[in-house]
Amino acid sequence: MLPMIEKKGTHMPLQKILIVDDDPEVLSALKLNFVLKYKVFLSSDPHEALHLLKSHGPFPVIMSDLKMPRMNGLEFLEKAQEVAPGTIAILLTGQGEVNDAIRAVNSGIVFRYLCKPCNQIDIAEAIENGVEKYQERCQKQEVMNEFTKENTIAEILQDHLVFSKASLGQYIDFSVRTSSFKSISGDFYEVIPYKDECYDVIIADVMGKGLSAALAAVAVKNVIHLLVNDLALKNGCVPDISDLLHLIEMELHDDLEKANTFITLFYLRLDLKNNRMTYISRGHPGAVLLSDRLEEAKYLGSKSLPLGVMPGADHQVESVELNVGDQIILYSDGIVDTLNERGNWQPVDLIVSCLDGSEKTSDDVVEKIFARINQKPDQLDDMTLLSLKIKG
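Everything quoted here is computed from the prediction, not taken from an experiment. (Residues numbered from 1 in each chain as written. Predicted model: local features only at pLDDT ≥ 70, side-chain atom pairs only at ≥ 80, totals over all residues. Heavy atoms only, no water.)

Undergrad: What is the right way to read the environment of glutamine 135 from this model?
TA: Tracing the backbone shows glutamine 135 in helix α5 (residues 120–162). What makes glutamine 135 buried here is its relative accessible area of 13%. Through-space distance from the C-alpha of glutamine 135 to that of glycine 86 is 9.9 Å; in sequence the pair is 49 residues apart. (Helix = DSSP H or I, 4+ residues; strand = E, 2+ residues; numbered from the N terminus. Buried < 20%, exposed > 50% of the residue type's maximum accessible area, 1.4 Å probe, protein only.)

Undergrad: Looking at this model, I keep getting lost on the side chain of serine 302. Mind explaining?
TA: Its place among the elements puts serine 302 in the loop between β12 (297–300) and β13 (318–321). Of note is the side chain of serine 302, whose polar atom sits 3.1 Å from the backbone oxygen of serine 281. Within the structure, the side chain of serine 302 is placed 3.4 Å from the side chain of serine 304, a separation counted as a polar contact. In this view, serine 302 contacts Ser281 and Gln316; residues no more than four positions away in its chain are not counted. (Polar contact = N/O pair within 3.5 Å; in protein donor to acceptor, adjacent residues only side chain to side chain. Contact = heavy atoms within 4.5 Å.)

Undergrad: I keep staring at helix α10 (residues 362–373) and nothing clicks. Help me out?
TA: One full turn of an α-helix is made of 3.6 residues, so residues set three or four places apart face in the same direction. Along its 12 residues, α10 runs 17 Å from first to last C-alpha, staying within 8% of the 16 Å computed at 1.5 Å per residue. Those residues of α10 that are buried lie in contact with β6 (172–179), β14 (327–331), α8 (333–339), α9 (347–353) and β15 (383–390). (Expected span 1.5 Å × (residues − 1).)

Undergrad: What am I meant to see in the sheet that holds β14 here?
TA: Reading across the sheet, the five strands line up as β6-β15-β14-β11-β12 and stay open at both edges, with antiparallel pairing between neighbours. Each of the sheet's edge strands pairs with one partner strand only, and the pair in question is β6 and β12. Across this sheet, the average inter-strand angle for adjacent strands is 15°, counted without regard to direction. Inspection of the sheet shows β6 paired to β15 by eight bridges, in the antiparallel sense. If you follow phenylalanine 174 over to β15, its bridge partner there is leucine 388. (Pairing = 2+ DSSP bridges. Axes fitted to C-alpha atoms, helices over the stretch in contact; angles between N-to-C directions.)

See the structure below:
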C-alpha cells in the first residue's frame with residue numbers, strides 16, 4: 001500500500017528524494033541543485049540506500065547511477081522496489097549502457113533513464129515528473145482503498161441484512177442461492193411469516209451496485225417490515241398485499257427519486273391453510289409455477305411498472321390454487337438473462353429446460369439451474385434464485 005502525500009492546496013512539506021551514486025562530487029552537485037525544492041538524501045552505497053528507504057521513507061523518487069562497484073544500479077533498484085514498491089525510479093547511465101536502461105524501463109523497474117553527462121534541466125524535469133507520477137499512484141490507491149472499504153461495508157450489510165436466513169415452516173421446502181456481479185449485489189429477498197401457515201416471500205432488485213444498492217435494499221426491507229407490523233397490529237389480521245405494496249411505494253418514493261433509482265419486485269403470498277397463492281409483479285421478470293414432476297408449467301407475472309418510476313402506478317393482483325408437490329421458482333433478471341443466450345426464450349421455457357422432473361427437493365432444483373448457468377459465459381449481472389416446494 002502506498003503512503004499518501006499531502007494534497008495540493010494544503011501546506012506541503014518538501015518531498016523526499018534519494019540519490020545514489022558512488023561519485024561524491026556528483027552527489028554534492030545534485031544536492032546543491034535540488035536542496036531548495038526537495039528534501040534530498042544522499043548515499044554512495046546501495047546497501048546503505050536500502051536501509052535509508054526502510055528507515056526514512058517514503059521517498060517519492062529514487063535516482064541511481066547504473067555503474068557502481070558494490071551493486072549496480074539495476075540490482076539496487078530491483079531491491080528498492082521490494083522495499084518500497086510505489087517509489088518512482090530514475091536511472092543515470094552512460095552512452096554504452098543505454099540498452100540495459102531501455103530493458104529496465106520496459107520491465108517497469110525504471111520510470112525514466114538519463115544519459116550522462118546530464119543536463120540539469122533534464123534531471124529536474126525527470127524528478128518533477130517522477131513526483132507527479134508518485135502522487136497519481138497514491139491518489140489511485142486512495143480511491144481503491146475507499147472502494148474496498150465501501151465494498152466491505154456493503155458485503156456486511158448484504159450478508160447480515162439483505163440476504164438474511166429465512167424459514168418457511170414445515171410445509172414448504174425452501175432453497176436459495178445468490179451470486180453477485182463484482183462482489184456486491186443489488187438483489188435481495190425477504191420472507192415474512194404470519195400465523196396459520198401464511199407467508200410473504202419477496203424478491204427484488206435495486207437498480208445499481210455497491211454500497212448504495214445495498215443500503216437501498218436494507219431500507220426497503222425495513223420499510224416492508226415496519227408497514228407489515230403496523231397494518232397487522234391495526235387490523236388484527238394479515239394485510240392485503242395490494243394495499244401493502246401501495247404503502248411501500250409511497251413510503252419509498254421520495255428517497256428513490258432523490259437517488260435516481262427504482263426497484264423491480266415480485267411479491268408472493270403463500271396461504272397454505274386455504275391452498276392459495278397470491279402475487280404482484282412490479283417490473284420484475286416474474287416467476288414460474290411447476291406442478292409435481294413438471295406435468296404443467298405456468299408463468300407468473302405482469303407488465304406493471306417498477307417501484308419508484310411513477311407514484312401511484314396500478315398493479316395487477318393475481319391468485320392461483322396451490323397443490324402438494326407444486327414448485328414455485330423466483331429469480332432475478334440476471335438468471336433469465338444468463339440462460340437466455342438465444343434472446344427469444346420465455347422464462348418458463350428457460351427454467352423447464354434446466355430440469356428433468358427427477359428433482360425431489362428445492363435444493364435439487366437450484367442445483368440443476370445453476371449447473372446450467374455455470375456452462376454459460378462470464379456472469380454479467382447479479383443473480384438470485386429461490387425455489388419453494390409445497391409439501392404434504
